[in-house]
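Topology and contacts: notes
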Amino acid sequence: MAKDIMNTEIHFGCPIYSIEKPEWLNSAIKATDKFIDEAYKREKPKLKEREKFLGKQDFKKVKDHGWSYHSTPLNGDPLLKEMEQYIGQTSWNLMDEWGFDMKQYTMFFTEFWVQEFAKAGGGHHDTHIHWDNHVSGFYFLKCSDKTSFPLFHDPRPGAMMTKLPLKDKTKISMGTDIINYRPKPGTLIFFPSYMPHQYAVDDGVEPFRFIHFNLQAVRNMILESYKGMK
C-alpha cells in the first residue's frame, strides 16, 4: 500500500539580502569621517551634562559608554553617489521582485545616515522597526568578530504569541525567531522595513561604524500632482 506524501509549501517568508561591496569602503570611510567628527562635536554638551551629573570621578569610569554617534543625512555626498544610486535602484528591484506593481511607484530615501558606537563600549540598539518605510538596510564600514552585529526578529505577531521552546536553539528551523548576521567591512544588507531588528551590545574593543538607510515607495501620481502644484 502506497504511503501518503505530504506536500510542503513555505509562504509569507521574510527575506534578508546581503552582498559584499568592498570597492566602496575607502571612499565611504573618507566621506563619513567628517560626518562622524561633527556627530562627536554635537554630543559634547550631552557628555558634559553626564559628567556634571555623575561627577568627574565616576565620569572617568564610564566616559561615553553606551553612546551612539549619529550623523546628519548623507544624501548628495559625491563620494557616496554610486552607493546611493545602487541602493535606490536595488530597493526598487527588490520591491518589484516581491511582486509589487512598481511601475506605479518611485523609491525615495527617507533616511541615509552613518553612526559609530562609543569607544568606551556599550553601544547598542534595542529592537525596533522603521515605520512608514518599505526597504531598510546597512552598509558596514568598520567592524570585526569583536564588535556589535545586527539581529533580526520574526515579524509575525501571531507566531510570537504561540511560540514554543525550541529543541535546539543552535540550529535554524521553521521555529527560529531570531537570526544574527556577522558582517565584515564592505557587507551590504537589505531587508523589509517591517522586520524588527536590533544591535548587540558592543564591547568597545574595536571601532564599529555603519551606514543605515530607509526607503519609501511613493505613488507616481502623487509626484505628478506635486509637480503640477509648482
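Whatever comes next refers back to the structure up there.
A few points on the structure. Computed from a prediction, not measured in an experiment: that's the story for all the values here.

Criteria and thresholds
- Per chain, residues are indexed from 1 in the order of the written sequence.
- Whole-chain, interface and lining totals are the exception, using all residues; otherwise, since this is a predicted model, local features are given only for residues with pLDDT of at least 70 and side-chain atom pairs are given and counted only at 80 or more.
- Excluding hydrogens and water, the side-chain values take into account all heavy atoms of the structure.
- In this description, strands pair whenever DSSP reports at least two bridges between them.
- The way it works is that DSSP assigns letters per residue, a run of H or I at least four long becomes a helix, a run of E at least two long becomes a strand, and they are numbered from the N terminus.
- Lines are fitted to the C-alpha atoms to define the axes, a helix being fitted only along its stretch in contact, and any angle between axes, read from their N-to-C directions, falls within 0 to 180 degrees.
- Contact between two residues is taken to exist if any of their heavy atoms lie within 4.5 Å; hydrogens are not considered.
- Buried, partly exposed and exposed residues are distinguished by accessible area as a fraction of the type maximum, computed with a 1.4 Å probe on protein chains only: under 20%, between the cut-offs, and over 50%, respectively.
- Any pair of nitrogen or oxygen atoms within 3.5 Å is treated as a polar contact; in protein, a donor-acceptor pairing is required on top of that, and neighbouring residues in sequence qualify only through side-chain atoms on both sides.

Okay, the sheet that holds strand β5 (residues 135-142) next. Judged by pairing direction, the sheet is antiparallel, and its 6 strands sit side by side in the order β1-β8-β5-β10-β3-β2 without closing on themselves. With one partner strand each, in any of the chains shown, β1 (17-20) and β2 (68-70) form the two edges of the open sheet. If you compare each strand with its neighbour and ignore which way they point, the axes differ by 25 degrees on average. Pairing of β5 with strand β10 (residues 209-219), which is carried by 7 bridges, proceeds in the antiparallel orientation. Among the inter-strand pairings, Lys142 is bridged to a residue of β10, identified as Arg209. The strands touched by helix α1 (residues 25-54) are β2, β3 (105-117), β5 and β10; relative to β5, the strand with the most contacts, the crossing angle is about 95 degrees. Relative to β3, helix α3 (residues 81-97) is tilted by about 125 degrees, and along the sheet it contacts β1, β3, β5, β8 (187-192) and β10.

What follows concerns the environment of Glu111. Structurally, Glu111 can be placed in strand β3. Relative accessible area serves as the criterion here: at 35%, Glu111 is assigned to the partly exposed category. Glu111 sits 39 residues away from Thr72 along the chain, and the two C-alpha atoms are 9.3 Å apart. Not counting chain neighbours up to four residues away, the residues in contact with Glu111 comprise His130, His212, Phe213 and Asn214. In terms of polar contacts, Glu111 uses its side chain to reach the side chain of Asn214, at 2.6 Å.

Shape is all these values report; function is a separate question.
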